Structure formats: structure tokens, C-alpha cells
Amino acid sequence: MALHTYVSHIGTHAYKIIEHIILYIVSDHNMFNYILITASVFQDQGVMIAAANQDLWQGGAACGKYFQVTCTGATNQGIPHPCTDNPTVTVMITDFCPPPGCKGDLDLSHEAFSTIADPRAGGIKISYEEYVINYLFFISFIF
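Because the structure is predicted, anything quoted here is derived from the model rather than measured. (Residues numbered from 1 in each chain as written. Predicted model: local features only at pLDDT ≥ 70, side-chain atom pairs only at ≥ 80, totals over all residues. Heavy atoms only, no water.)

> Please explain the overall build of the protein as it appears in this structure.
In terms of regular secondary structure, the protein is built from two helices and eight strands. Mapped in sequence order, the helices and strands of the protein form the string β-β-β-β-α-β-β-β-α-β. Every one of the 143 residues in the protein was classed for burial, and the buried ones make up 27%. For the protein, restricting intrachain contacts to residue pairs at least 6 apart in sequence, the fraction spanning at least 24 positions comes to 66%. Just so you have it, the protein exposes about 9300 Å², and 55% of that area is on carbon and sulfur atoms. (Helix = DSSP H or I, 4+ residues; strand = E, 2+ residues; numbered from the N terminus. Buried < 20%, exposed > 50% of the residue type's maximum accessible area, 1.4 Å probe, protein only. Contact = heavy atoms within 4.5 Å. Areas by Shrake-Rupley, 256 points an atom, 1.4 Å probe, with all protein chains shown as cover.)

So, in C-alpha cells, the structure goes:
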């Protein structure tokens, strides 16, 4: 059994194609036959997304991973207190932010940035950590 995920960034939405390979075991006169069924699903991943800098991107290994990002303060005097009352958001990495254009570790979507800080700030100080989402899978046996 295998599960492969592919993530692409389209506009401000991220879409994930999930390819499920399901193994069915069918009993036939005490002998087992294995049937592989493949299905692909195109899922909208929403707007809480980010691009990772070269260190975080790791050649694409970060793509599809989730990070909890917290606004910790201002980077300039323009907006001295940019953080919102709820300064933490969970984002999915969907893209690479290449140097020299990438000014920090993460480039948040407008929606994610606006959740944790005043958008007029432009840039903010953050702390972040990978957020692991555990999935529960079920395997069905047909006899």
C-alpha cells in the first residue's frame, strides 16, 4: 500500500492531488487474489499557505508540510505593534521562495499574514515550528 501526495500552488489557493492505491484481498477457494485500485482526488487546500526559503525548502522536501507560525513583533518602526490578538496560524508549504527575492524564512499568503499581523507592516518577526498532522487510515479486507 502506498500513498503519494503532490502539491502545486495556483494563485492564492493550493491544490493537492492525492493518489490512493488501495489493495483489496479477495478470497477465492482458500486462495487470495490481490486487486489494486487507484483513484486520484483533486483537493483545494485553501489560502493558509506559504512559500519556504532555500534552507526550509530542502529541495522540495518541505512541500506539503505544515508549520505553525507566530507573530513575535515588528521589523520596523512603521507599525510598532503589528501582531493581532491571535498571532498564530497554521500554514501548508506549497512553494519555494528563491533568493534573493525571499527576505525571510517564510513568505505567507496575504490571508495567512493578515490573520497574525497588520498587513500594513509588510514584514514581521516570527517564530515557527513544524506542525505534524496525524492521519488515521483504514484497510478493508473482503473475503
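Okay, back to it.
> Even after reading the chapter, I still don't get the nonpolar core, so can you show me in this structure?
Soluble globular proteins: nonpolar side chains tend toward being buried together. Val69, Val91, Ile93, Leu106, Leu108, Ile116 and Ile124 are the most contacted members of the largest nonpolar core, which has 20 residues in total. Of all the secondary structure elements, the ones that give two or more residues to this core are strand E4 (49–52), helix H1 (54–57), strand E5 (66–74), strand E6 (88–96), strand E7 (106–108) and helix H2 (110–116). Dropping the residues within four chain positions of it, valine 91 is found in contact with Met48, Ile49, Ala50, Lys65, Tyr66, Phe67, Val69, Leu108 and Ala112. (Core = buried A, V, L, I, M, F, W, Y, C linked by side-chain atoms within 4.5 Å.)

> Is there a simple way to explain the pairing of E4 in this structure?
In summary, the side chains of a regular strand alternate between the two faces of the sheet. Neither face of E4 is exposed, since Ile49 and Ala51 on one face and Ala50 and Ala52 on the opposite face are all buried. In the sheet, E4 pairs with E7 via three bridges, with the strands oriented antiparallel. Of the residues in E7, the one forming a bridge with alanine 52 is leucine 106. (Pairing = 2+ DSSP bridges.)

> Where do I start with the state of the cysteines in this structure?
Disulfide: a covalent bond connecting the sulfur atoms of a pair of cysteines. In the structure shown here, the tally under the stated rule is two disulfides. For cysteine 71, the disulfide goes to cysteine 83, at an S-S distance of 2.0 Å. Torsion about the S-S bond of the cysteine 71 and cysteine 83 cystine: about -75°, corresponding to left-handed handedness. With a gap of twelve residues between them, cysteine 71 in strand E5 and cysteine 83 in the loop between E5 and E6 connect regions that are remote in the sequence. The exposure class assigned to cysteine 83 is partly exposed, which follows from its relative accessible area of 27%. Across a sulfur-sulfur distance of 2.5 Å, cysteine 97 and cysteine 102 are joined as a disulfide pair. Between cysteine 97 and cysteine 102, the S-S torsion sits near 115°, and that sign places the bridge as right-handed. Judged by its relative accessible area of 9%, cysteine 97 falls in the buried class. (Disulfide = S-S within 2.5 Å.)

> Even after reading the chapter, I still don't get the sheet that holds E4, so can you show me in this structure?
The pairing of strands in a sheet happens through backbone hydrogen bonds and is either parallel or antiparallel. Across the sheet, five strands lie side by side as E7-E4-E6-E5-E8; this open sheet has mixed pairing. Of all the strands in the sheet, the pair left with one neighbour each is E7 and strand E8 (124–131). Strand after strand, the sheet turns through a mean of 40° between neighbouring axes, direction not considered. (Axes fitted to C-alpha atoms, helices over the stretch in contact; angles between N-to-C directions.)

No statement about biological role is implied by the geometric values presented.
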